[in-house]
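These are the residues of each chain, in order.
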Amino acid sequence: MADEVPIIELAAWLQTPPGRYLLAWEQAQMDAAVVDLFGFHALQLGLPELPGLRCNRMPHRWLALPEGKEGRAGDGQPSGAALHCEFDSLPFESASLDLVVLPHTLELAADPHQTLREVERVLRPEGRLVILGLNPASLWGLRQNLGRVLPGRPRPYLPQDGDFLGYWRLRDWLRLLSFEVEAAQFGCYAPPLSSAAWLARWAWLEPIGTQWWPVLGAVYFIKAVKRVHGMRLLGLERSRSARRSSAPAVAVQQLHNKEQGS
């Protein structure tokens, strides 16, 4: 009987050399994405190892963890702001949040589509959503799949506690929920190596991969905005109506002044 392959959890994998390599890229993208987003209420769902809101300046910032999941806020994460809840039933009113951050949240969720629908519910119109996910269509994803079919079942390269969501599939979900993608980027083009030294030797691939095969990065980053087109059209129609209603009054007043002068 073949030996069972040990299951790697994401939190433990992030402490490995490839995990730290991935986390460094993700932290840089997240910091740049949220630093200029303004509002009052921001929420990060899961992964306290990545302080996604550390560069954001909203006065109310929360880190939410799944029910029964223990964890602590990472460096830069607002201390004492953690709450425990079900991600597919968030304890927030509809249209009450300005920013939601999902670092690998969807691939770890029992029902990722329902989690995304719940995020859409709690975000206000024009609210921002930031997503990080592992790319199954990458060298890292290929190495993971080969580990499942090769004889002897070598140790998996990536965490196993979740299902990876394809980039284009996720974009379809966002479009159906009226999200508009503002920015998207792929990163981590080094081969699936386990040594920090060897990963560093392949650092020259980063600019080349970004230019020549961008969708093959090991991880993707998506920044989207919640659009409510009916509300925007209503405001535009009100302004147009106001201009139309004010124009005749000006014309009548000018005609009245001419009659008095004659």
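What counts as what
- Residues numbered from 1 in each chain as written.
- Predicted model: local features only at pLDDT ≥ 70, side-chain atom pairs only at ≥ 80, totals over all residues.
- Heavy atoms only, no water.
- Helix = DSSP H or I, 4+ residues; strand = E, 2+ residues; numbered from the N terminus.
- Buried < 20%, exposed > 50% of the residue type's maximum accessible area, 1.4 Å probe, protein only.
- Contact = heavy atoms within 4.5 Å.
- Areas by Shrake-Rupley, 256 points an atom, 1.4 Å probe, with all protein chains shown as cover.
- Pairing = 2+ DSSP bridges.
- Axes fitted to C-alpha atoms, helices over the stretch in contact; angles between N-to-C directions.
- Patch = residues over 30% accessible without salt bridge, like charges linked within 9 Å, V, L, I, M, F, W, Y side chains within 5 Å.
- Salt bridge = Lys/Arg side-chain N within 4 Å of Asp/Glu carboxyl O.
- Lys, Arg positive; Asp, Glu negative; His and termini not counted.
- Charge placed at Lys NZ, Arg CZ, Asp CG, Glu CD.
- Phe/Tyr/Trp six-rings, centres within 6.5 Å; stacked < 30°, edge-to-face > 60°.
- Parallel < 35°, antiparallel > 145°, perpendicular 65-115°, else oblique.
- Left-handed = near helix turned anticlockwise from the far one by under 90°.

A.B. asks: Describe the overall build of the protein, listing the residues and the values that go with them.
C.D. replies: Secondary structure assignment for the protein yields 9 helices and 7 strands. Looking at the protein residue by residue over its 262 residues, the buried ones come to 42%. Taking the intrachain contacts of the protein between residues at least 6 apart in sequence as the baseline, contacts between residues at least 24 apart amount to 70%. Summed over its atoms, the accessible surface of the protein is roughly 14300 Å², and 57% of this surface lies on carbon and sulfur atoms.

A.B. asks: How would you explain the sheet that holds strand 6 (residues 179-187) if you had to name every residue and give the values?
C.D. replies: In spatial order, the strands read 3-2-1-4-5-7-6; together these 7 strands make up an open sheet with mixed pairing. Sheet topology places strand 3 (82-84) and strand 6 at the edges, where each strand pairs with a single neighbour. In this sheet, adjacent strand axes meet at a mean angle of 20° when their direction is disregarded. Sitting on the sheet, helix 4 (residues 112-122) touches strand 1 (41-45), strand 4 (97-103), strand 5 (123-134), strand 6 and strand 7 (219-226), and the angle it makes with strand 5 is about 150°. The strands that helix 6 (residues 167-176) touches are strand 5, strand 6 and strand 7; relative to strand 6, the one it contacts most, it runs at about 165°.

A.B. asks: Go over a negative patch on the surface with me, naming the residues and quoting the values.
C.D. replies: Taken together, the side chains of Glu 67, Glu 86, Asp 88 and Asp 111 make up a negatively charged region of the molecular surface. As for its placement among the helices and strands, Asp 88 is situated in the loop between strand 3 and strand 4.

A.B. asks: Before we move on, could you go through the packing of aromatic side chains and cite the residues and values that matter?
C.D. replies: In this structure the tally under the stated criterion is 8 aromatic pairs. Ring geometry for Trp 13 against Trp 140: centres 6.2 Å apart, planes inclined by 75°, an arrangement best described as edge-to-face. Within this pair, whereas Trp 13 is found in helix 1 (residues 10-13), its partner Trp 140 is found in helix 5 (residues 139-149), the two being separated by 127 residues in sequence. Trp 140 shares its class with Trp 13; the two are buried. On the basis of an interplanar angle of 65° and a centroid distance of 6.2 Å, the ring pair of Phe 186 and Tyr 220 is categorised as edge-to-face.

A.B. asks: Hey, could you go over the pattern of salt bridges for me, with residue numbers and the actual values?
C.D. replies: When the charged atoms of two side chains with opposite charge come close together, those side chains can pair. On inspection of all chains with the given rule, the structure shows 9 salt bridges. For the salt bridge of Glu 126 with Arg 227, the shortest nitrogen-to-oxygen distance reads 2.4 Å. With a gap of 101 residues between them, Glu 126 in strand 5 and Arg 227 in the loop between strand 7 and helix 9 (229-261) connect regions that are remote in the sequence. Under the relative-accessibility criterion, Glu 126 is labelled partly exposed at 23%. Note that Glu 180 and Arg 227 form a salt bridge whose closest N and O atoms lie 3.1 Å from each other. Within this pair, whereas Glu 180 is found in strand 6, its partner Arg 227 is found in the loop between strand 7 and helix 9, the two being separated by 47 residues in sequence. Beyond isolated ion pairs, a larger network of salt bridges with shared partners links Glu 126, Glu 180 and Arg 227.

A.B. asks: Explain the side chain of Lys 223 to me, using residue names and the numbers behind them.
C.D. replies: As for its placement among the helices and strands, Lys 223 is situated in strand 7. One buried charged side chain, Lys 223, makes no salt bridge at all; its nearest oppositely charged neighbour is Glu 182, positioned 4.4 Å away. Residues in contact with Lys 223, not counting those within four places in the same chain, are Ala 33, Leu 37, Arg 128, Leu 129, Val 130, Glu 180, Val 181, Glu 182 and Ala 183.

A.B. asks: Can you explain the packing of helix 4 against helix 6? Please cite residues and give values.
C.D. replies: It is at 11 Å that the axes of helix 4 and helix 6 come closest, and there the two elements cross at 40°. In terms of axis orientation, helix 4 runs oblique to helix 6. Here the hand of the crossing between helix 4 and helix 6 comes out right-handed. Contacts between helix 4 and helix 6 involve Pro 112, His 113 and Leu 116 from the former and Leu 170, Trp 173 and Leu 174 from the latter.

A.B. asks: Got a sec to walk through unusual backbone geometry? Specific residues and values, please.
C.D. replies: Although it is not a glycine, Ala 95 adopts a positive phi angle of roughly 55°. Checked against the element boundaries, Ala 95 lands in the loop between strand 3 and strand 4. For Ala 95, a relative accessible area of 42% translates into the label partly exposed. With a phi close to 70°, Ser 178 is a non-glycine residue in the positive phi region. Note on placement: Ser 178 falls in the loop between helix 6 and strand 6.

Nothing here speaks to function; it is geometry throughout.
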